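# Summary of structural features
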Amino acid sequence: MAVESTVSLVLRKLRDVLVQEAVSLYGVRDQVEWVERELRRMRCFLKDAHAKQSGDERVKNWVADVRDVAYDAEDVIDTFILKIEGHMRSGFVGFFKRCIFIHVELLARREVGNEIERIKNKIREISASRLTYGITDVSKVEEGSSSRGESLHEQRQTSPLFGETEVVGFEEDIKILVGRLIDGDSRRCVVSVVGMGGLGKTTLAVKVYNNDAVKKHFDCCAWVFVSQEYAVRDLLQSIIKCFMPLSQEESEKVEKMNPVQLREKLSNHLNESKYLVVLDDIWKTEAWDSIVAAFPDMNNGSRILITTRNRDVASYADARSCPHELRLLGDEEGWKLFCKKAFLEQGILCQQNLEKLGKEILAKCGGLPLAIVVIGGLLSRKATDPNEWEKVPRRISSQFTDDESRIARILALSYEDLPYHLKPFFLYLGVFPEDYEIRAKKLIYLWTAEGFVEPKGDETVEEAAEVCLEELIHRSLIQVSKIRSIGGVKSCRIHDLLRELSISKAKEDKFVDVHHKHTSLLSPSNSRRLAIHQAPSKYTCLNHTSSHLRSVLWIDLMKGEVRKKQEQFLFRGFSLLRVLDLSYMKMKKLPKEIGTLIHLRYLSFRFAGSDSCDCCLNGCDSDPASFPSSMSNLHNLETLYLTSGSRSVHIPSFIWTMQQLRHVHVPYGSIISKGAWSKIVGHPSLELDSLVNLQTLKRITAGDWIGDYLEKLTNLKKLGIWGIYRSRHAEALSKSLPRLDCLQSLLLEWHSTIPGFMPISHNLHLKKMFLRGKLEKLPESNEFSPNLTKLTLISSELMEDPMATLEKLANLRILSLDAHSYMGKEMVCSAQGFPQLESLHVVELHELEEWIVEEGAMPRLIHLQIWNCSHLKMLPEGLQHVTTLKKLEVLYMPNEFNTRIQENGGEDWHKIQHIPSIEIKQRGIIGR
């Protein structure tokens, strides 16, 4: 239920407003505090209401009323702040204009007072009706009521995969798990099977549990289904009955025992046995804690096999045992399973006229076994009539998301198990298109702008959001696509069926409305957020205003252009927006109306048109990439994310007055306009710590701002500066860098020789560095940051072998020596060098002729790429000793070089024959 999280978000907003807008709320503060207190009380009853609403339409309506009154309160306060601050920023001067402002302020306060009184009356009605529906305080509700537990147990038992006899795609998994149960440590180990709902964890566990070798290996075996709503007493009694044949009298005694007595009895029985226990579908670490004492470790090879959707549970149960993560089925495996279920009589032989339709339907299942089995079973009852099959793709979404469908019920369990503060994070995933690769960085920026994140202690909102992302991943609700080079998630995906679930739940709670090519565009959204997945030219909902909208995310993957009508729709109709994401939409310039969106936290758009001119700083028509001066009103802006074709843009210097700014991403080589910069330095409203929140400043061209301001950005974590060529900029940079204690990523591009080296040895958090430009000399290893993890050098033109220094960097994991970074003929990696290096890229070192790798060098190397080193004669002999190497890429190398590494008769083949993946690519030719 997202309503509880919705009310919590509004409560947090009201709390922040009461602190930050104390002056503006003069005269209505008491009323706002009353609303805040009553909403806080209502939230206490929502959990009980959720437990009762499934069978009672009146309770559902009560929950919806609570959500709507919370939204009303947020609208009233935000609209009031908009009116007050809008007039404060109108630049009034003189006595009469001041009088007009006071009059407007009084009217606004009177209006908000009337609106809050209306909300108070509505809250009183909702509170009175709560007693009518028997909704009680959550503290009086027993967790895991029997009816709830029975319902979940029934859902589980009716899953088509429970006890499924036909297994497709699990053959290797069965082999691995059987081996882990039978072989390995003599200690009692926990073997975990982890994955999202519907992957077939239980099916796999059944196959392993019933394996003949497993049955023979253990003295006794037991299987128990745990579920979300478990009772410790029932679990222990079930296990005892599996392990011990009980008489009627003994059974009655066991029924009367408390959990402590049951644990003791079970532990005593298992002391002399090599046992196997399967705990199927365990959700919480508390469940593990409640029964683990019953399983003694007699150092005899006993095992516990658990299935769970939560990786944290698996790690908690046994930190020394790596969880076995199930994967989605591949196309061939999925087709095999689909045919088994859809063509029961014909076996795996599919009639040719249905194959195309079948594969189209299969694609909708996204490799999820549960979905394939359910849809296959449905089609098996439709005979082999192509007309019947053609209807299925159009109805398949409802088959998966309908509350009564088996698939929806199984997947929804993961959503229902989320703590209320995590539910908006999951629901938000529906705003992205199907099969979209979501950048973790962007997702975190959006979550924080929406106000979902509440940090604890000293952590930043971004760090708190990362924790939430990791928890969704551990709960198998998000799949990791790519890992960052310095650790952490770079991008992720959500399975199509889970995405459909998030969209369905979000729409139900007016959280997000998604418009795509199959949805109607004629009526306005009644949700708080709107995601549009189509070209602007096709969007016809242009003649309405939606004052309730807080977010608009227009994700047109075809990168359409926003025209005048769409500009009016976006910038005049949604005055309370917090998020405006137009990152895939081309705009010639921002309209002046952008300045009215004073609540905006996140702004992203894409410039279209030709390169900007130097003279345009205040929105002149000749500059397609101009910023209107009204943009300086966006004092709440946290993230500014700009992209463009291949050109830079001019950033007006009033950007430095936006004190809430946390992240600034602009196109490469963008500049802070010089003309306006002189006006802003020494600005009376700018204190030394004005941009104390700024964490990201990327792709900005060097300028006087380095000396004037960089050292004051003490919380900066990511810095990228291009076009450094003046000595005073270099000196200012050298002075500022040691003061940036939080810096994690540094990119510097020089248009001249780098004088000496930037002093970064004191930047202890610096992990990633990119340097482009000629270096007089590579510094000593102790002059680098001691925790440097990734280093890229381009155009360094070093004459001395850089490996002698770089191989001493103790934490370096990724090294790229790119074009012209080294101009020498010989390169040596000595024994014990590069102790942590995992990935090495040697690119366009055209002078390099000989490369020596001594035995013992790069003991952890996994990936090696050699690209267009035109004079390199052969692979180093020492590569044969790098047994960890998993992938070798040889790209665009001379034919003579490639001939030496051929599998059949190549002179260098013995050096690389142990490498599992070898890719040789020539112009237009790819081979092993």
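About the criteria used
Residues numbered from 1 in each chain as written. Predicted model: local features only at pLDDT ≥ 70, side-chain atom pairs only at ≥ 80, totals over all residues. Heavy atoms only, no water. Helix = DSSP H or I, 4+ residues; strand = E, 2+ residues; numbered from the N terminus. Buried < 20%, exposed > 50% of the residue type's maximum accessible area, 1.4 Å probe, protein only. Contact = heavy atoms within 4.5 Å. Phe/Tyr/Trp six-rings, centres within 6.5 Å; stacked < 30°, edge-to-face > 60°. Lys NZ or Arg CZ within 6 Å of the ring centre and 35° of its normal. Pairing = 2+ DSSP bridges. Expected span 1.5 Å × (residues − 1). Salt bridge = Lys/Arg side-chain N within 4 Å of Asp/Glu carboxyl O. Axes fitted to C-alpha atoms, helices over the stretch in contact; angles between N-to-C directions. Parallel < 35°, antiparallel > 145°, perpendicular 65-115°, else oblique. Nonpolar A, V, L, I, M, F, W, Y, C, P; charged D, E, K, R; others polar. Core = buried A, V, L, I, M, F, W, Y, C linked by side-chain atoms within 4.5 Å. Right-handed = clockwise from strand over helix to strand, strands pointing away. Disulfide = S-S within 2.5 Å. 1 Å grid on protein atoms, 1.4 Å probe; cavity = no way out; pocket = protein on both sides within 12 Å on 5 of 7 lines; lining within 4 Å. Points joined across faces, edges and corners; volume = space filled by probe spheres on them. pLDDT = per-residue confidence, 0-100. Left-handed = near helix turned anticlockwise from the far one by under 90°.

Looking only at helices and strands, the protein chain has 29 helices and 29 strands in total. Considering the protein chain as a whole, with its 928 residues, one finds that 54% of them fall into the buried category. Across the protein chain, every contact between residues at least 6 apart in sequence was considered, and the portion connecting residues at least 24 apart equals 65%.

Attention now moves to the packing of aromatic side chains. In total, this model carries twelve aromatic pairs according to the counting rule given. Geometrically, the ring pair formed by Phe 425 and Phe 452 is edge-to-face, given 5.7 Å between the ring centres and 65 degrees between the ring planes. Of the two residues, Phe 425 is situated in helix α19 (residues 423-427) and Phe 452 in the loop between α20 (440-450) and α21 (461-474); the sequence distance between them amounts to 27 residues. For Phe 425, a relative accessible area of 1% gives the class buried. Taken together, Phe 425, Tyr 428, Trp 447, Phe 452 and Phe 511 form an aromatic cluster joined through their ring pairs. Across the ring face of Trp 335, the terminal group of Lys 359 is positioned such that the distance to the ring centre comes to 5.3 Å. One Lys or Arg, Arg 529, reaches over the ring of Phe 511 and ends 4.3 Å from the middle of that ring.

Spatially, the five strands line up as an open sheet ordered β2-β3-β4-β1-β5, and their pairing is parallel. Every other strand in the sheet has two partners, leaving β2 (220-227) and β5 (324-325) as the edge strands with one partner each. Across seven bridges, the pairing between β2 and strand β3 (residues 275-282) is parallel. The residue bridging Trp 223 from the neighbouring strand is Val 278, located in β3.

What follows deals with the pairing of strand β20 (residues 768-772). Residues Met 769 and Leu 771 line the buried face of β20, whereas the alternating positions Lys 768, Phe 770 and Arg 772 sit on a face that is not buried. Sheet topology places β20 next to strand β21 (residues 790-794); five bridges connect them, and they run parallel. Across the sheet, residue Arg 772 finds its bridge partner in β21, namely Ile 794.

A separate point is the sheet that holds strand β6 (residues 438-439). Across the sheet, three strands lie side by side as β6-β8-β7; this open sheet has antiparallel pairing. This sheet does not close on itself; its edge strands, each paired only once, are β6 and β7 (479-483).

Our focus in this paragraph is helix α22 (residues 496-508). If you check α22, its first and last C-alpha atoms are 18 Å apart, about what 13 residues at 1.5 Å a residue would give, namely 18 Å. Listing the buried residues of α22 in full gives Asp 496, Leu 497, Leu 498, Arg 499, Leu 501, Ser 502, Ile 503, Lys 505 and Ala 506. Lys 510, located one to two residues past α22, shows a positive phi value of around 55 degrees.

Attention shifts here to the pattern of salt bridges. Close approach of charged atoms allows side chains with opposite charge to pair. Taken as a whole, this structure holds 39 salt bridges when the rule is applied. One salt bridge connects Asp 72 with Arg 118, and the closest N-O pair in it is separated by 3.9 Å. Taken together, the positions of Asp 72 in helix α3 (residues 57-88) and Arg 118 in helix α4 (residues 95-132) put the pair 46 residues apart, joining distant regions of the chain. Measuring nitrogen to oxygen at the nearest pair gives 4.0 Å for the salt bridge that ties Lys 423 to Glu 416. There is no split in this pair, since Lys 423 and Glu 416 are both buried. Each of Glu 74, Asp 75, Asp 78, Arg 528 and Arg 550 takes part in a single network of salt bridges with overlapping partners.

For the pair helix α18 (residues 406-416) and α22, the least separation of the axes is 10 Å and the interaxial angle reads 70 degrees. As the angle between them shows, α18 and α22 are arranged roughly perpendicular. Judged by residue contacts, Ile 407, Leu 411, Ala 412, Tyr 415 and Glu 416 of α18 engage Leu 497, Leu 498, Leu 501 and Lys 505 from α22. Along the lines of polarity and charge, the residues of the contact of α18 with α22 split into seven nonpolar, no polar and two charged.

By size, the foremost hydrophobic cluster in this structure holds 110 residues, and its most contacted members are Leu 603 and Trp 851. Ranked by residues supplied to this core, first place goes to strand β12 (residues 579-587) with four residues. Setting aside residues up to four positions removed in sequence, Trp 851 forms contacts with Met 827, Cys 829, Leu 840, Val 842, Met 858, Leu 864, Ile 866, Leu 872 and Pro 876. One finds Leu 9, Phe 170, Ile 407 and Leu 469 within the second-largest nonpolar core, a separate group that totals 98 residues.

Counting buried positions along strand β19 (residues 745-750) yields five of six residues, so the element is predominantly enclosed. Alignment of strand β18 (residues 718-724) against β19, held across five bridges, turns out to be parallel. For Ile 724, the partnering residue across the bridge sits in β19 and is Trp 750. Of the crossover connections in this fold, the one passing from β18 over helix α26 (residues 727-736) to the parallel β19 is right-handed.

Here we come to unusual backbone geometry. Here the phi dihedral of Lys 510 falls at roughly 55 degrees; this positive angle occurs in a residue that is not glycine. Assessed through its relative accessible area of 23%, Lys 510 is described here as partly exposed.

Turning next to the environment of Ile 119. Structurally, the position occupied by Ile 119 is in helix α4. When the C-alpha positions of Ile 119 and Gln 31 are compared, they lie 9.9 Å apart, and in sequence the two are 88 residues distant.

A separate point is the state of the cysteines. Applying the stated rule across the entire model yields zero disulfides. This cysteine, Cys 220, is not joined by any disulfide, and Cys 221 carries the nearest cysteine sulfur, 6.7 Å off. Since its relative accessible area comes to 13%, Cys 220 is described here as buried.

This part takes up the layout of surface pockets. The computed volume of the second largest pocket comes to approximately 1300 Å³. Surrounding the second largest pocket, 45 residues form its lining, Lys 441, Arg 484, Lys 698, Lys 718 and Lys 768 being those nearest its centre. In the lining of the second largest pocket, the residues fall into 15 nonpolar, 13 polar and 17 charged.

This next bit is on the environment of Val 7. Inspection of the secondary structure assignment puts Val 7 in helix α1 (residues 3-20). Residues Val 7 and Ala 70 lie 63 residues apart in sequence; the distance between their C-alpha atoms is 6.0 Å. If sequence neighbours within four positions are ignored, Val 7 has contacts with Leu 39, Arg 43, Leu 46, Val 66 and Ala 70.

Take the side chain of Thr 639 next. Inspection of the secondary structure assignment puts Thr 639 in strand β14 (residues 639-644). A relative accessible area of 1% means that Thr 639 is categorised as buried. If we skip the residues at most four places from it in the chain, Thr 639 touches Tyr 445, Arg 601, Tyr 602, Leu 603, Leu 661 and His 663.

Before going further, it helps to examine the environment of His 881. With respect to the helices and strands, His 881 occurs in the loop between β26 (863-867) and β27 (887-891). Residues His 881 and Met 858, 23 residues apart in the sequence, show an inter-C-alpha distance of 9.5 Å.

If you check helix α16 (residues 369-380), its first and last C-alpha atoms are 16 Å apart, about what twelve residues at 1.5 Å a residue would give, namely 16 Å. Within the sequence span of α16, burial applies to Pro 369, Leu 370, Ala 371, Ile 372, Val 373, Val 374, Ile 375, Gly 376, Gly 377, Leu 378 and Leu 379.

The next point concerns the confidence of the model for the protein chain. Looking at the protein chain as a whole, the pLDDT averages 81, with 80% of positions reaching at least 70. Below pLDDT 50 for its whole length, residues 610-625 participates in 38 contacts with residues either more than four positions away or in separate chains. Scored below 50 in pLDDT, residues 675-688 shows 24 contacts in the model against residues more than four places distant or in partner chains.

Before going further, it helps to examine the packing of α20 against α21. Between α20 and α21, whose axes approach to 9 Å, the crossing angle comes to 115 degrees. With respect to the hand of their crossing, α20 and α21 are arranged in right-handed fashion. Residues Ala 440, Leu 443, Ile 444, Trp 447 and Thr 448 of α20 lie in contact with α21, whose contacting residues are Val 461, Glu 462, Ala 465, Glu 466, Leu 469 and Leu 472. For the contact of α20 with α21, the per-class residue count stands at eight nonpolar, one polar and two charged.

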